[in-house]
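Listed below are the residues making up each chain.
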Amino acid sequence: MAAPRAVVLLSGKRKSGKDFVAEELRSRLGPDVCTVLRLSGPLKEQYAKEHGLDFQRLLDASAYKETYRQDMIRWGEEKRRADPGFFCRAAVEGAAQPVWVVSDTRRLSDVEWFRDVYGDAVQTVRVVATEETRKKRNWVFVAGVDDAESECGLDQGVTFDWVITNDGDELALDEQLETLLRSLRNRAVAR
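An account of the accompanying structure is given in this report. (Residues numbered from 1 in each chain as written. Predicted model: local features only at pLDDT ≥ 70, side-chain atom pairs only at ≥ 80, totals over all residues. Heavy atoms only, no water.)

### Structural notes on the side chain of Asp104
Threshold: To qualify as a helix, a DSSP run of H or I must reach at least 4 residues; to qualify as a strand, a run of E must reach at least 2; elements of each kind are numbered from the N terminus. Exposure categories follow from relative accessible area, calculated using a 1.4 Å probe and restricted to protein chains: below 20% of the type maximum is buried, above 50% is exposed, and the middle band is partly exposed. Charged-residue counts in this description rest on Lys and Arg as positive and Asp and Glu as negative, His and the chain ends being excluded. Each reported salt bridge corresponds to a side-chain nitrogen of Lys or Arg within 4 Å of a carboxyl oxygen of Asp or Glu. Should any heavy atoms of two residues lie within 4.5 Å, those residues are counted as being in contact.
Mapped onto the elements of the fold, Asp104 is located in the loop between β3 (99-102) and α6 (108-118). Buried and unpaired, Asp104 has Arg106 as its nearest opposite-charge partner, separated by 5.0 Å. Once residues within four sequence positions are removed from consideration, Asp104 is found in contact with Leu10, Leu37, Arg38, Leu39 and Ser40.

### Quick notes on a negative patch on the surface
Selection criterion: Each patch is built from residues lacking any salt bridge and having more than 30% relative accessible area; the joining distance is 9 Å for like charges and 5 Å for nonpolar side chains (Val, Leu, Ile, Met, Phe, Trp, Tyr). Per-residue accessibility takes into account occlusion by the displayed protein chains alone, with areas from the Shrake-Rupley method and a 1.4 Å probe. Think of each charge as sitting on NZ of Lys, CZ of Arg, CG of Asp or CD of Glu.
Taken together, the side chains of Asp167, Asp169, Glu170 and Glu175 present a region of like negative charge at the surface. Along the chain, the position of Asp167 falls in the loop between β5 (162-165) and α9 (170-189). Classification of Asp167 as partly exposed rests on a relative accessible area of 32%.

### Some remarks on the pairing of strand β4 (residues 122-128)
Which entries qualify depends on this criterion: One requirement defines pairing of two strands: DSSP has to find at least two bridges between them.
The buried count for β4 comes to six of seven residues, which makes it a mostly enclosed element. Pairing analysis gives five bridges linking strand β1 (residues 6-11) to β4, with the strands arranged parallel. Along β4, the bridge assignment pairs Leu9 with Thr124. Here four bridges tie β4 to β5, and the two strands are oriented parallel to one another. Each residue of the ladder has a partner; that of Val128, found in β5, is Thr165.

### Describing the pattern of salt bridges
Where charged atoms from two side chains of opposite charge approach closely, those side chains can pair. Enumeration over the complete set of coordinates arrives at 20 salt bridges. One salt bridge in this structure joins Arg28 and Glu24, with 3.0 Å as the shortest N-O distance. Of this pair, Arg28 and Glu24 both sit in helix α1 (residues 18-29), separated by four residues, roughly a single helical turn. You can call Arg28 partly exposed: its relative accessible area is 28%. For Arg89, the salt bridge goes to Asp83, with nearest N and O atoms at 2.3 Å. In this structure Arg89 comes out as partly exposed when scored by relative accessible area, which is 38%. What makes Asp83 partly exposed here is its relative accessible area of 24%. Via salt bridges that share partners, Glu24, Arg28, Asp174, Glu178 and Arg185 belong to a single interconnected network.

### Observations regarding the environment of Gly12
Relative to the helices and strands, Gly12 is located in the loop between β1 and α1. On a C-alpha basis, the gap between Gly12 and Asp155 in space is 8.5 Å, while along the polypeptide they are 143 residues apart. Among all residues touching Gly12, those that are not within four sequence positions of it are Lys18, Arg126, Val127 and Glu151.

### Quick word on unusual backbone geometry
One non-glycine residue with positive phi stands out, namely Lys15, at about 65°. With respect to the element layout, Lys15 can be found in the loop between β1 and α1.

### Comments concerning the packing of aromatic side chains
Our working rule: Classification of ring pairs rests on two measures: the distance between centres of Phe, Tyr or Trp rings, Trp counted by its six-membered ring, which must be within 6.5 Å, and the angle between planes, read as stacked under 30 degrees, edge-to-face over 60 and tilted in between. We call a charge positioned over a ring when the NZ of a Lys or the CZ of an Arg lies within 6 Å of the ring centre and within 35 degrees of the ring normal.
Under the definition given, this model contains eight aromatic pairs. The interplanar angle of 70° and the centroid separation of 6.1 Å between the aromatic rings of Trp113 and Tyr118 together place this pair among those described as edge-to-face. Tyr118 matches Trp113 in its accessibility class, with the two residues each being buried. Within the aromatic cluster, the residues linked to one another by ring pairs are Tyr47, Trp75, Phe86 and Phe87. In this structure, Lys79 is placed above the aromatic ring of Phe86, and the distance from its NZ or CZ to the ring centre is 5.9 Å. Above the ring of Trp139, the side-chain terminus of Arg134 is found at 4.1 Å from the ring centroid.

Here you go:
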């Protein structure tokens, strides 16, 4: 596995549009240049195996996933306490493109792991949306989820390299993405 030239760590609240931004970056850079990685994928896969659940259904935005969300968070925290890089290592396994976009960075330990392993290639990006916008995207506050480390772990302690506002203004979002994309394209072709 070649070392990436850029590792983009996306973070933000539920329904801020992290996955949308990740897919926009991948689409605009192209799949040969950029891959989207999810820390939650390996977590959900392992959780499903250990608990006899349907892994595919844990990946979508369904009521099925929501039924298990709080226990999955608790279980994931236990795994991270034992080995902070467990899910990070699993997520990057096999990634070969020069630009990696991690669409669901949620904890300081995730940021620290990527910085320790990939150094200056790491770029932190906070995706923000107003509570009003998030509600329009069907977000509803859930105690034990929206106030847990999995949602609040990066609210402080990180100075983000980029902040992307994703409130539904397509032109403003496009301008912000293009600025980030210029930087990523420069990194992808550097060396």
